[in-house]
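The residues making up each chain are set out below.
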Amino acid sequence: MILIVLKAQIRPDKRDEWLSGISEYKKNVNSEPGNISFDYHENVEKENEFVIVEVFRDGDAGTAHVNTDHAQTFFPFMSTVVSEKPKINYQDIDGDVWNEMAEVTPQ
């Protein structure tokens, strides 16, 4: 599987545009056949910093994702709303997408 974590600092004056754009992008990415999940969250301690977590079935699905029309539209859009170059952590991982956390069991 492919696990991608992005950290993006959004310009305060572009926040509303960002929220609209990322919401639409999430819908499009989640509809891709090789996508397992796509989520985004705002850092509660650093205003306008967002973390995006993407999971794809495999490298082929990741490549197909980057070549979609919605990705090719979103990347230039993202360039207009960030205040600095986003950070990325890209991992190609063998095994299951998610495993249970051993340290915590609901009571």
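Residues numbered from 1 in each chain as written. Predicted model: local features only at pLDDT ≥ 70, side-chain atom pairs only at ≥ 80, totals over all residues. Heavy atoms only, no water.

If you check an unreviewed UniProt entry, the protein appears there as ABM domain-containing protein from Pseudonocardia kongjuensis.

So, about the packing of helix α1 (residues 15–30) against helix α3 (residues 69–81). At a minimum axis separation of 11 Å, α1 and α3 run at an interaxial angle of 160°. With respect to each other, α1 and α3 are oriented roughly antiparallel. The handedness of the crossing between α1 and α3 is left-handed. On α3, the residues touching E17, W18, G21, I22, Y25, N28 and V29 of α1 are H70, A71, F74, F75, F77, M78 and V81. By residue class, the composition of the contact of α1 with α3 is ten nonpolar, three polar and one charged. (Axes fitted to C-alpha atoms, helices over the stretch in contact; angles between N-to-C directions. Helix = DSSP H or I, 4+ residues; strand = E, 2+ residues; numbered from the N terminus. Parallel < 35°, antiparallel > 145°, perpendicular 65-115°, else oblique. Left-handed = near helix turned anticlockwise from the far one by under 90°. Contact = heavy atoms within 4.5 Å. Nonpolar A, V, L, I, M, F, W, Y, C, P; charged D, E, K, R; others polar.)

In spatial order, the strands read β2-β3-β1-β4; together these four strands make up an open sheet with antiparallel pairing. The sheet terminates laterally at β2 (35–42) and β4 (87–92), the two strands that pair on one side only. Here the average twist between neighbouring strands, direction ignored, is 10°. In terms of strand pairing, strand β1 (residues 2–9) meets β4 through six bridges, oriented antiparallel. Across the sheet, the residue bridging to L6 is I88, located in β4. (Pairing = 2+ DSSP bridges.)

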